[in-house]
Amino acid sequence: MKKFTRNVIDGFRSSVAQPTAKPEHVSIVETLRPEQFQVAKTVRHGFPYQPTAVAFDPIQKILAVGTKRGSIRIIGRPGVDVHVRHETEAAVLQLQFLLNEGALVTATTDDSLHLWNYRQKRPEIVHSLKFARERLTCMHLPFQSKWLYVGTERGNIHVVNLEVFQLSGYIVNWNKAIELSRKTHPGPVVHLSDCPIDPSKLLIGYESGQVVVWDLKNRAAEVRYQAAEPLKSVCWHYEGKQFMCSHTDGSLTTWAVKQTSPKPVSTIFPHAKNNKDGKQEPCKPIQKVEWKSSKTGETFVVFSGGLTNDRAGRTPSITVINGKTTTVLEMEHNVVDFITLCENPWPSELAEPYALVVLLHNDLVVVDLHTQGYPCFENPYAMDLHESPVTCCSYIADCPADVIPAMYSVGARSQKRAGFSEKEWPIAGGDWGSKSCSYAEMIITGHADGSIKFWDASSVSLQVLYKLKTAKVFEKPRTRSIDGDEDPFAIQHISLCPESRLLCVAGATVHLILFKYCKQETYSEVPCLEIPIVYEVCESGDCSPEYEYPPRPTLQVASKQHNISSSGDSSDKKFLSQNHNRRKAGASLDYFVPIHVRGGAQKKAPGYQADLVCLTPWVDGEPPSQISAVTINSSYGLISYGNESGLVIIDYIQKTCLLNMGTPELYGDADPYQRVPRSPKRAESSNAKEEERSKSPSSSDQELRNPRIKIKAEKEFQLIILETDNDKLDGSFSRSRSSSISSLDNISSEAITCLAFADSYTRKSDTQTCPTLWVGTSLGSIIQVILSIPSTTEARQTSSVVVSPSDCWYSIVSPGVVEDHCTIFRLKGSILAMSFLDCNGALIPYAYESWRDANREGKKLERTPTKSLMNNRMSPTNSGEQWGDRQFVAFASEKVARVVALPSQNCVYKQIITEASFVIKADIVQYKDSVCLVCYVATGHISIFSLPSLRQLLYIDFLPLVDLSFQTRKTGIVDPMLSIWGQQIFVNEDTDQIARTFCFTNFGHGMYLCSPSEIQKFTISLDFCKDLQELLGELYVACDMPEPPKQSFFKGLFGGAVSQFDREELFGDSSGKGSRSVAKHIPGPTTQLDALNMRAGTLAGEVNRTKMLLVERGQKLGDLEDKSGKMMTEAEAFSTVAHKVMLKYKDKKWYQL
């Protein structure tokens, strides 16, 4: 019976056609492991944002700049640059170097002192001292001393021992420093300094104008002075007999140490002028003054401020009075602080000033004091990064080796700067690292004024290579900006093909420029295309039967006749309105272009030269939405870009528009959304129109409504949703994140967010790849556009490229039957990144054409093999059923990541990146001969996944999003009610701007704009973190102190020699210990570790000592035992001998002895 049943079943099986088994996906061995990753910040470039203080070590020749956010930048020679930060992020009040000691003291606004050790490549805090009762205002460290004077807001002066970083018992109270007859408080201490020839004399300056010379030995005030105006700063003459004060009324007063008169020796107003009435005009305060002398006998008086009120507000300045010559150095920004660099560090000798370091609010200027005219040194650092605000960035870590020299060659010719000092840069301390990177790195920054800067970011340095001004392509606008808020030429997107050196940039006026690199100067006209990207869902009453959507140029018109010259005359506008702007018969749309390309042939300098400009006109007075994605492919000769309205494809070889289509039209009839009008108008209540609106369109109407479709067939679309039931699609999640979007069916706009050209498969039955454009949208859709490109170079110049959106690519087997489906992939959240992998999981490189010098004859164009090589490598045969999937495509959205196998279109791997938050930036990069997906999440974490398996390798807290809030247009974070996840988030425009300046690249490198004037580089590579110490330069280099000045016999005889002063005896143990309630000592991490090691060493020593004592005791006990045994043996021997003697003489008489 069983045999009969089996035979019957086998007969049924043989009679029914069995489906062939699909080839199973072969697992790929991935080499990336979590232990290969480590996230760390590496180097910071740019100008320190919001600087507050500056200090210089004349022996080590290094400079330190403190900022309002608690950061410190220590710089030496070019390539020696270190950034550190206080944990509390309190603003830096003052910096003080311990000369030639490799240490730095900082005072911060949280009333703390910190001692930094920069003898190591990464400076660390050794000690901290937190003041509890008084606020710090200033500090002073005498030359070659370990005792630091600290002034407070209450007017008291404390002394700190830098070796142990504790307060001394010595204190100068304000009530003892002032005169007894004074009834008011003198104010905070604004200045402290010791006399150059008598260190026991401390000069104390109070804000009210009270100046006191305090005798440290006698603990009493020696001389008191009272200025008529509030005090700003004080400085000594090197002889120690006079000092100069600057005041709030713009005056400089000179006082003698030993004087009987209560008035100053001299009072001058350097910039005061008399008005028409003969009265002196008021002047601005002189913030700081320095008084130096040279060997020639001339004196240098340098001060900031002091100009008259009519000029001070417009012209920040530094004034240099050299003898009888007064020179005013006008500065571009407000002066924060300045330091005079001198050859002699000894305060009691001629200083011999040679340079002046001026810290401005947005720049660092160094002036040459030895050259006539006081020219500036050319700054070798990347301090002009923020010359115009940075709006977008691009980071290339594996650019071709010839790109950087090419940029430098044209940049050096175009940026010849004259008027700088010919002497070497004076800040030349430190030493370079012992190792350098083996590959070239380049950073490209786009700016608000339309300029683009190329930077050499190899290793740990940043040097400008080339600057490109895109605004020169256009005529000067009548107004600075279109909307009054943003520069019309601000760069928003940068797309560079390094191999072909093609550069494509998108600007704020919804314009796009293609630049080609050329070594020679050329003279030609710049062609311009005006392409209105219009798609707006209108009510049926506002549309004619012929056009369902607002009209735009047809594909044929856009590709053949839409090459408009840059003159922008009325004939062009007439052409636009007559040919492709018809909404109804006799009606036209009003087009307006806010910027115009310069007409006629233009002279183009060597470097990047404009080759094509695409403008997006305003339609009916409404500006177009900003360009949201740009990509270029030099092998195809195509550019694609899109915004909230639609997609554009440009053939830059033939200078034509191939496709200009609204985003909903890319779906065809497979659009899953019900589009709502952006600006709903009043509907006409006509029954006839209502009936017409409810009718289903016929085939002829369908052809009229979409003139691109030439195939009359029943279309069948396949919508692949790459989500499970548990991970349900949320249509409300989009880049807009607007609370007005309430459901999947009500969608007002869908932006193009990601574009990628690739040779890939579009249908399941494909056996060979073809050129395609993959389009990702803000609603999570991925749509394919198929490209038909001529195969030969000659045909490419003459024949047109055929662009076929997915809704019109069909292969008809019989009338009315469609062979295959057009596939649309959908994910949750806006599409951020996509990339293609081969069957082995390796990243497929994009096709490109190598750059060639067009002026050189006889050199053939070098093309990279695109289709033939890839097909041979990935698909040895054309039989798809035999070999299965030959390609993977990886998608990353704001919420999830998916890997789809091609051509089967099966989702083989899926991963949820974040549930409660969203991804700001995602990219697919190469790392260690493998591929991984790197994401920066809004929670501040970095998440890394291996590809193609999407296995999570790392999830680590990196950077809070609030730290990047300076780029937001609104104040920080929106209200929680606007969040669709129930938590506070940034608005769309803010996160988009952050994403434009946040970059991931190959080799595990990345960068972001950490402040409006600084770029922070980071890495996710463990190997690079290990090599970082060798890449960084040395801040501290062992140097010999200059010889002390020789004491002159006559100076000693007449009292001009420097007196000796033992501070240890005065401030040491004899003065007692400082009060713990005034300041609390906080050891640094290194000190705590050393103390722990010391305790551990002490404990280990005690254990070893006890062990040794026990061993010694054991040895002694062993010796004692041996001695006892020996004594016992000797006693037994003695007993035996005694017994024998007794037996011998036992029976003998006495007379027998």
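Thresholds applied
Within any chain, residue numbers begin from 1 and follow the written order of that chain's sequence. Given that the model is predicted, a residue must reach a pLDDT of at least 70 before its local features are reported, and side-chain atom pairs must reach 80 or more before they are shown or counted; all residues, however, enter totals for whole chains, interfaces and linings. No hydrogens and no water enter the side-chain calculation; it runs on all heavy atoms of the structure. In this text, helices come from DSSP runs of H or I with a minimum length of four residues, and strands from runs of E with a minimum of two, each type numbered from the N-terminal end. Contacts were defined at the residue level, with two residues in contact if any of their heavy atoms lie within 4.5 Å. With residues, only the protein chains shown are counted as cover, and all accessible areas are computed by Shrake-Rupley using a 1.4 Å probe. If DSSP finds at least two bridges between two strands, the strands pair. Lines fitted to C-alpha atoms define the axes, with helix axes restricted to the stretch in contact, and inter-axis angles between N-to-C directions lie between 0 and 180 degrees. Two rings from Phe, Tyr or Trp (for Trp, the six-membered ring) form a pair when their centres sit within 6.5 Å of each other. Planes less than 30 degrees apart are called stacked, planes more than 60 degrees apart edge-to-face, and all others tilted. Any Lys NZ or Arg CZ that is within 6 Å of a ring centre and within 35 degrees of that ring's normal is treated as a charge sitting over the ring. Buried means the residue's accessible area, taken with a 1.4 Å probe over protein chains only, is under 20% of the maximum for its type, while exposed means over 50%, and partly exposed covers the values in between. A pair is scored as a salt bridge if a Lys or Arg side-chain nitrogen falls within 4 Å of a carboxyl oxygen belonging to Asp or Glu. For patches, a residue must show more than 30% relative accessible area and have no salt bridge; joins then use 9 Å for like charges and 5 Å for nonpolar side chains, namely Val, Leu, Ile, Met, Phe, Trp and Tyr. In plain words, nonpolar cores are sets of buried Ala, Val, Leu, Ile, Met, Phe, Trp, Tyr and Cys residues tied together by side-chain atoms within 4.5 Å. Note that the arc is computed from the directions linking the helix axis to the C-beta atoms. Pairs of N or O atoms within 3.5 Å make up the polar contacts considered here, provided that, within protein, one atom can donate a hydrogen while the other can accept it, and that residues adjacent in sequence are counted only when both atoms are side-chain atoms. Note on charges: Lys and Arg go in the positive column, Asp and Glu in the negative column, and His and the chain ends are not counted at all. Each residue carries a pLDDT score, the predictor's own confidence in it, on a scale running from 0 to 100. Each helix should span, by expectation, one fewer than its residue count multiplied by 1.5 Å. Criterion for a disulfide: a pair of cysteine sulfur atoms at a distance within 2.5 Å.

S.K.: Explanation requested: the overall build of the protein in the structure shown.
M.R.: Helix and strand counts for the protein stand at 17 helices and 66 strands. When contacts within the protein are restricted to residue pairs at least 6 apart in sequence, long-range pairs at least 24 apart make up 60% of them. Total accessible area on the protein stands at roughly 54,900 Å², and carbon and sulfur atoms take up 50% of it.

S.K.: I'm lost on the sheet that holds strand β32 (residues 463-469) in this one. Help?
M.R.: Strands in a sheet are paired, the pairing made by backbone hydrogen bonds, and the direction either parallel or antiparallel. An order of β29-β30-β31-β32 is seen for the four strands of this open sheet, with the pairing classed as antiparallel. In this open sheet, the two strands that pair with only one neighbour each are β29 (390-396) and β32. Each neighbouring strand pair of the sheet contributes to a mean axis angle of 20°, computed without reference to strand direction. Each of β30 (442-447), β31 (451-456) and β32 touches helix α4 (residues 403-414); the most contacted strand, β32, lies at about 65° to it.

S.K.: Got a minute to help me understand the packing of aromatic side chains in this structure?
M.R.: A complete count under the given rule lists 34 aromatic pairs for this structure. On the numbers, 5.7 Å between centres and 85° between planes, the contact of Tyr636 with Phe757 is edge-to-face. Of the two residues, Tyr636 sits in the loop between β43 (629-633) and β44 (638-642) while Phe757 sits in strand β50 (residues 752-760), which places them 121 residues apart along the sequence. Arg77 extends its terminal NZ or CZ atom over the ring of Trp432, reaching a point 5.1 Å from the ring centre. One residue, Arg501, lies across the ring of Trp851, its end atom 4.1 Å from the ring centre.

S.K.: Would you explain the pairing of strand β55 (residues 831-838) in this entry?
M.R.: Moving residue by residue along a regular strand, the side chains alternate between the two faces of the sheet. Across the eight residues that make up β55, a large majority, seven, are buried. Inspection of the sheet shows β55 paired to strand β56 (residues 887-893) by seven bridges, in the antiparallel sense. Bridging across to β56, Phe836 finds its partner in Val889.

S.K.: What exactly am I supposed to notice about the pattern of salt bridges here?
M.R.: In a structure, side chains of opposite charge can pair up when their charged atoms sit close to one another. According to the stated counting rule, one finds 26 salt bridges in the structure shown. Glu1014 is the salt-bridge partner of Arg44, the closest N and O atoms lying 3.7 Å from each other. Separated by 970 residues along the polypeptide, Arg44 in strand β1 (residues 37-46) and Glu1014 in strand β65 (residues 1014-1021) bring together distant segments of the chain. By relative accessible area, which is 5% here, Glu1014 ends up buried. A salt bridge links Glu222 to Lys201; the nearest nitrogen and oxygen atoms lie 3.6 Å apart.

S.K.: How should a nonpolar patch on the surface be read in this particular structure?
M.R.: On the surface, Val1137, Val1141 and Tyr1145 cluster together to form a nonpolar patch covering roughly 260 Å² of accessible area. By relative accessible area, Tyr1145 is classed as partly exposed at 39%.

S.K.: I keep staring at unusual backbone geometry and nothing clicks. Help me out?
M.R.: Trans peptide bonds make up the majority, and among non-glycine residues the majority have a negative phi. The omega angle of the peptide bond from Leu902 to Pro903 is 10°, so this bond is cis rather than trans. Looking at the secondary structure, you find Pro903 in the loop between β57 (896-902) and β58 (906-912). For the bond from Leu947 to Pro948, the omega torsion is 10°, close enough to zero to count as cis. Along the chain, Pro948 turns up in the loop between β61 (941-946) and β62 (952-957). A positive phi angle, close to 55°, is found at Glu352, a residue other than glycine. Along the polypeptide, Glu352 turns up in the loop between β26 (335-342) and β27 (353-360). We note that Leu950 has phi near 60°; this positive angle belongs to a residue other than glycine. Note on placement: Leu950 falls in the loop between β61 and β62. A residue is classified by how much of its surface remains accessible, and Leu950, at 2% relative accessible area, is buried.

S.K.: How should I be thinking about the nonpolar core in this particular structure?
M.R.: Grouped burial of nonpolar side chains is what soluble globular proteins tend to show. Counting residues in hydrophobic clusters, the biggest one holds 37 residues, and the most contacted among them are Met442, Phe454, Leu503 and Tyr608. With five residues, the top contributor of residues to this core is α4. When residues no more than four places from it in sequence are discounted, the contact partners of Met442 are Ser394, Tyr395, Ile396, Cys399, Val403, Met407, Phe454, Trp455, Ala457, Leu465 and Leu496. One finds Tyr927, Cys932, Leu953 and Leu959 within the second-largest nonpolar core, a separate group that totals 27 residues.

S.K.: Got a minute to help me understand the sheet that holds β56 in this structure?
M.R.: Strand order in the open sheet formed by four strands is β55-β56-β57-β58, and the pairing between neighbours is antiparallel. Bordering the open sheet on either side are β55 and β58, each of which pairs with just one other strand. Strand after strand, the sheet turns through a mean of 15° between neighbouring axes, direction not considered.

S.K.: How should the pairing of β61 be read in this particular structure?
M.R.: For β61, the buried fraction is high: six of the six residues fall into the buried class. Residues of β61 alternate between two faces, with His941, Ser943 and Phe945 on one and Ile942, Ile944 and Ser946 on the opposite face, all of them buried. The loop that links strand β60 (residues 930-937) with its antiparallel partner β61 comprises three residues; one of these, Gly940, has a positive phi angle of about 95°. What sits between β61 and β62 in their antiparallel hairpin is a turn of five residues, with Leu950 showing a positive phi close to 60°.

S.K.: Explain helix α14 (residues 1022-1031) here, please?
M.R.: Turn by turn, an α-helix covers 3.6 residues, leaving residues three or four places apart pointing in a common direction. Within α14, burial applies to Leu1022, Phe1024, Cys1025, Leu1028 and Leu1031. Looking down the long axis of α14, one finds its buried residues gathered within 165° of arc, a one-sided arrangement. Buried residues along α14 sit against β1, β59 (919-927), β64 (1005-1011) and β65. A side-chain oxygen of the first residue of α14 lies 3.4 Å from the backbone nitrogen of Asp1023; this N-cap is Ser1021.

S.K.: When you look at the side chain of Lys604 in this model, what are you seeing that I'm missing?
M.R.: For Lys604, the position within the fold is in strand β40 (residues 602-604). As a buried residue without a salt bridge, Lys604 has its nearest oppositely charged side chain in Asp611, at a separation of 5.9 Å. Within the structure, Lys604 has its side chain in polar contact with the side chain of Ser524 (distance 3.0 Å). Apart from residues no more than four positions distant in its own chain, Lys604 is found in contact with Glu521, Thr522, Ser524, Glu525, Val526, Gln609 and Ala610.

S.K.: What is the right way to read the confidence of the model for the protein from this model?
M.R.: Detail in the predicted coordinates should be disregarded across regions flagged by low pLDDT. For the protein, mean pLDDT is 80; residues scoring 70 or higher make up 76% of the total. Ranking the elements of the protein by mean pLDDT puts helix α9 (residues 699-705) last with 32 and strand β2 (residues 51-57) first with 97. Here residues 730-745 scores under 50 on pLDDT; set against residues more than four positions off or in separate chains, the count is 44 contacts. Within the model, the stretch residues 970-985 combines pLDDT values under 50 with 29 contacts to residues more than four positions away or in other chains.

S.K.: How should I be thinking about α4 in this particular structure?
M.R.: Between its terminal C-alpha atoms α4 stretches 17 Å, which fits the 16 Å expected from twelve residues at 1.5 Å a residue. When we look at burial in α4, the residues that qualify are Val403, Ile404, Ala406, Met407, Val410 and Gly411. The arc enclosing the buried residues of α4, seen along the axis, measures out at 160°, which places them on a common side.

S.K.: Could you clarify how one ought to interpret the state of the cysteines in this entry?
M.R.: In protein structure, a disulfide is the covalent linkage between the sulfur atoms of two cysteines. Applying the stated criterion to the full structure yields zero disulfides. The closest cysteine sulfur to the non-disulfide-bonded Cys932 is located on Cys935, 9.7 Å from its own sulfur. Owing to a relative accessible area of 0%, Cys932 belongs among the buried residues under this scheme.

S.K.: What exactly am I supposed to notice about the side chain of Thr445 here?
M.R.: Within the secondary structure, Thr445 sits in strand β30. Residue Thr445 is classed as buried on the basis of its relative accessible area, which comes to 0%. A polar contact of 3.1 Å, which involves the side chain of Thr445, links it to the side chain of Trp455. Dropping the residues within four chain positions of it, Thr445 is found in contact with Leu385, Val390, Cys392, Cys393, Ser451, Ile452, Lys453, Trp455, Ile494 and Ile1015.

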